[in-house]
Amino acid sequence: MNMDIAAVNALPYEDFVNIFGNVVEKCPIITAAVWSRRPFVNFTALEAAISEFIDELPESGKEGILRCHPDLAGRDLHGGTLTRESREEQAGAGMDALNSVEASNMARLNEEYKERFGFPFVICARMTDKANILRQLSERCRNERAVERARGIEEVKKICRLRLQALVVSEASNKL
Ligand SMILES: NC(=O)NC1NC(=O)NC1=O
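Residues numbered from 1 in each chain as written. Predicted model: local features only at pLDDT ≥ 70, side-chain atom pairs only at ≥ 80, totals over all residues. Heavy atoms only, no water.

Digging into the domain arrangement of the chain
So, point 1. Partitioning the chain into structural domains gives domain 1 (5-63 + 164-169) and domain 2 (71-155).
So, point 2. Computed over C-alpha atoms, the centres of domain 1 and domain 2 are 24 Å apart.
So, point 3. Counting from both sides, the interface comprises seven residues of domain 1 and, opposite them, eight residues of domain 2.
So, point 4. Buried area between domain 1 and domain 2, summed over both chains or domains, comes out near 690 Å², and the portion from carbon and sulfur atoms is 51%.
So, point 5. When residues of domain 1 are sorted by the area they lose upon contact with domain 2, Asn22, Glu25 and Glu63 head the list and together hold 58% of the total.
So, point 6. The tally of links from domain 1 across to domain 2 stands at three salt bridges.
So, point 7. Between Arg145 and Glu63 there is a salt bridge whose closest N-O contact spans 2.7 Å. (Domains from an automatic or database assignment. Contact = heavy atoms within 4.5 Å. Buried area = accessible area lost by both parts, 1.4 Å probe. Salt bridge = Lys/Arg side-chain N within 4 Å of Asp/Glu carboxyl O.)

Dropping the structure here:
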């Protein structure tokens, strides 16, 4: 899909939530809330509205967003229950093709991370690769909880931007 911002602004909330409901993984409530902020002057304004909604949440809400994310190379990937967006992102970073050493490291570190923080490790898979994901996962396990909460939310916003770009023509591409 490649809607322009005028088409986005014309959507009734049912369609808006159907189309944009997973720009933040499994958090259609964010999309549904942000519909009230129409009209968006451009792509950046839509992205900013989502970002501001997230920033205004209490810390518990931000952790809730992180908890809606599937593990990388985790149960949902193996069970075929990832969302389409997540499946494509994880496959792009080679998460569906780990060798047995990588797979066991990934599983062990994901569990360690969740045990320590109470939410999953989140990283924008499209902006990185397998080696970096494994390195970041082991490094970020050592951070403070508040640092990781903020870091995870930054990654959610990167994922969101790329998912939005797949749906909406941004002003940069408008000028082409
Ligand atoms: N846990 C985690 O980072 N999940 C994800 N990252 C990403 O880019 N897509 C996801 O589903």
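The discussion continues.
Quick look at the packing of helix H4 (residues 43-55) against helix H10 (residues 145-165)
So, point 1. At their nearest, the axes of H4 and H10 sit 11 Å apart, and the two run at 150° to each other. By the criterion of interaxial angle, the relationship of H4 to H10 is roughly antiparallel. With respect to the hand of their crossing, H4 and H10 are arranged in right-handed fashion. In this structure, H4 contributes Phe43, Leu46, Glu47, Ile50, Ser51, Ile54 and Asp55 to the contact, and H10 contributes Ile153, Lys157, Cys160, Arg161, Leu164 and Gln165.
So, point 2. Taken together, the residues of the contact of H4 with H10 sort by class into seven nonpolar, two polar and four charged. (Axes fitted to C-alpha atoms, helices over the stretch in contact; angles between N-to-C directions. Helix = DSSP H or I, 4+ residues; strand = E, 2+ residues; numbered from the N terminus. Parallel < 35°, antiparallel > 145°, perpendicular 65-115°, else oblique. Left-handed = near helix turned anticlockwise from the far one by under 90°. Nonpolar A, V, L, I, M, F, W, Y, C, P; charged D, E, K, R; others polar.)

As for the nonpolar core
So, point 1. Ranked by size, the top nonpolar core spans 47 residues in total, and within it Phe20, Val24, Leu46, Ile50, Met95 and Met106 carry the most contacts.
So, point 2. Listing elements by their share of this core, those giving two or more residues are helix H1 (5-9), helix H2 (13-20), helix H3 (28-34), H4, helix H5 (59-67), helix H8 (100-117), helix H9 (130-140) and H10.
So, point 3. Filtering out sequence-adjacent residues up to four positions away, Met106 remains in contact with Leu72, Ala73, Met95, Leu98, Ile133, Leu134 and Leu137. (Core = buried A, V, L, I, M, F, W, Y, C linked by side-chain atoms within 4.5 Å. Buried < 20%, exposed > 50% of the residue type's maximum accessible area, 1.4 Å probe, protein only.)

Structural notes on the UniProt feature "domain: Oxo-4-hydroxy-4-carboxy-5-ureidoimidazoline decarboxylase" (unreviewed entry) in the chain
So, point 1. Per the UniProt record, "domain: Oxo-4-hydroxy-4-carboxy-5-ureidoimidazoline decarboxylase" (unreviewed entry) is annotated on residues 9-165.
So, point 2. Within the segment residues 9-165, helix and strand shares are 65% and 0% respectively, and the terminal C-alpha atoms sit 16 Å apart. (UniProt positions renumbered as here; feature names shortened; annotations may be inferred.)

Structural notes on the site of the ligand
So, point 1. The full set of residues close to the ligand is Pro70, Leu72, Ser86, Glu89, Gln90, Phe121, Val122, Ile123, Cys124, Ala125 and Ile159.
So, point 2. Backbone polar atom of Ile123 to a nitrogen atom of the ligand: 2.8 Å apart, as the coordinates give it.
So, point 3. Across the complex, the protein chains shield 100% of the 290 Å² of accessible surface that the ligand would expose by itself.
So, point 4. Of all the cavities here, the one that holds the ligand is the largest cavity.
So, point 5. The greatest single-element share of the shell around the ligand, amounting to three residues, is contributed by helix H7 (residues 84-92).
So, point 6. Residues that form the shell around the ligand fall into these classes: eight nonpolar, two polar and one charged. (Near = heavy atom within 4 Å. Polar contact = N/O pair within 3.5 Å; in protein donor to acceptor, adjacent residues only side chain to side chain. Areas by Shrake-Rupley, 256 points an atom, 1.4 Å probe, with all protein chains shown as cover. 1 Å grid on protein atoms, 1.4 Å probe; cavity = no way out; pocket = protein on both sides within 12 Å on 5 of 7 lines; lining within 4 Å. Sits in = over half its atoms within 2 Å of the grid points.)

Notes on empty space enclosed by the protein
So, point 1. Enumeration over the complete set of coordinates arrives at one cavity of 30 Å³ or more.
So, point 2. Taken together, 15 residues make up the lining of the largest cavity; nearest its centre are His69, Leu72, Glu89, Ile123 and Ile159.
So, point 3. Where the lining of the largest cavity is concerned, the elements lending two or more residues are H7 and H10.
So, point 4. In terms of residue class, the lining of the largest cavity is made up of nine nonpolar, three polar and three charged. (Points joined across faces, edges and corners; volume = space filled by probe spheres on them.)

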